[in-house]
Amino acid sequence: MSANDAGEQHITAVSGTGVPIPGDDVDTDQILPAKFMKEVTFDNMADYLFFDARRDDDGEFNDHPLNRFEGASIAVVNSNFGCGSSREHAPQAMMRWGIDGVVGESYAEIFRDNCKSLGIPAVTADHETVTALQKWIEDNPDGDIEIDVEAKTVTYGGETIDVDVDDAMREALVDGIWDTTALMYSNRSKVDATVDGLPYVEGDD
């Protein structure tokens with residue numbers, strides 16, 4: 001990961017310890033329950049990540065992976081992760097909890113696109129590869145995992161495996177054009193110059 005003066009943040013690779021989140025069709029309401037969407041900012045979303053699944057009937061933390069693998073930054077998920085409603089709150093909550101990258105079998109398209117817009121690589125591999133990685137994390141909770149977006153590989157435990165990366169995601173992350181707001185702000189002088197040259201836009205004077 002690198003940044004330059006133009007406001008571009010190039011994400012070529014991310015790494016850290018892993019957290020397995022098993023289960024197919026984990027929807028966005030499980031990831032971030034709808035009852036917390038009334039807040040007007042994303043600031044507290046990390047507190048609500050998998051809020052119901054992480055607690056027992058008495059409201060105490062249970063043995064959910066996010067409780068056992070606190071501090072992990074690479075989530076490993078199964079099929080159709082992030083399905084259901086298209087709420088951006090779900091990947092926002094994951095990012096604010098500390099997730100920098102995701103390895104999974106497949107994702108809902110809008111969830112994957114929301115990850116891209118936040119600079120979170122969401123790469124895919126087959127079922128056997130993903131479940132093997134999940135088991136490895138359980139056995140090696142302090143083990144490092146690297147997602148190389150540019151090379152389209154995941155490395156862990158001395159093994160490197162090939163993964164798939166959506167072409168649009170790979171280009172946006174590697175070229176540093178995923179954060180469109182930052183790009184526009186960093187090029188504000190160019191935007192202002194363009195606006196000043198438009199005959200149908202009146203200035204403040």
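The following refers to the structure shown.

Conventions used here
Residues numbered from 1 in each chain as written. Predicted model: local features only at pLDDT ≥ 70, side-chain atom pairs only at ≥ 80, totals over all residues. Heavy atoms only, no water. Helix = DSSP H or I, 4+ residues; strand = E, 2+ residues; numbered from the N terminus. Buried < 20%, exposed > 50% of the residue type's maximum accessible area, 1.4 Å probe, protein only. Phe/Tyr/Trp six-rings, centres within 6.5 Å; stacked < 30°, edge-to-face > 60°. Lys NZ or Arg CZ within 6 Å of the ring centre and 35° of its normal. Pairing = 2+ DSSP bridges. Axes fitted to C-alpha atoms, helices over the stretch in contact; angles between N-to-C directions.

The general pattern is negative phi for most residues beyond glycine and trans for most peptide bonds. Of note, Asp-25 is a non-glycine position whose phi angle comes to about 55°, a positive value. Among the structural elements, Asp-25 can be located in the loop between β3 (13-21) and α1 (28-31). On the basis of relative accessible area, Asp-25 is assigned to the partly exposed category, the value being 44%. With a phi angle near 45°, Phe-50 is a residue other than glycine that sits in the positive phi range. Note that Phe-50 resides in the loop between α2 (45-48) and α3 (65-68). Among the residues examined, Phe-50 registers a relative accessible area of 3% and is labelled buried.

So, on to the packing of aromatic side chains. Per the counting criterion, the structure on display carries five aromatic pairs. With a centroid separation of 5.3 Å and an interplanar angle of 80°, the aromatic rings of Phe-81 and Phe-111 are classed as edge-to-face. Of this pair, Phe-81 sits in the loop between β4 (74-77) and α4 (89-97) while Phe-111 sits in helix α5 (residues 109-117), and the two are 30 residues apart along the sequence. On the basis of relative accessible area, Phe-111 is assigned to the buried category, the value being 2%. When the ring of Tyr-107 is compared with that of Phe-111, the centres are 6.3 Å apart and the planes differ by 20°; the resulting orientation is stacked. Members of the aromatic cluster, connected to one another through ring pairs, are Phe-36, Tyr-48 and Phe-51. Taking NZ or CZ as reference, Arg-55 lies 3.7 Å from the ring centre of Phe-51, over its face.

Overall, mixed pairing links the seven strands, which are arranged β6-β5-β4-β3-β7-β8-β9 in an open sheet. At either end of the open sheet lies a strand with only one pairing partner, and these are β6 (122-124) and β9 (159-162). Averaged over neighbouring strand pairs, the angle between their axes works out to 30° when direction is ignored.

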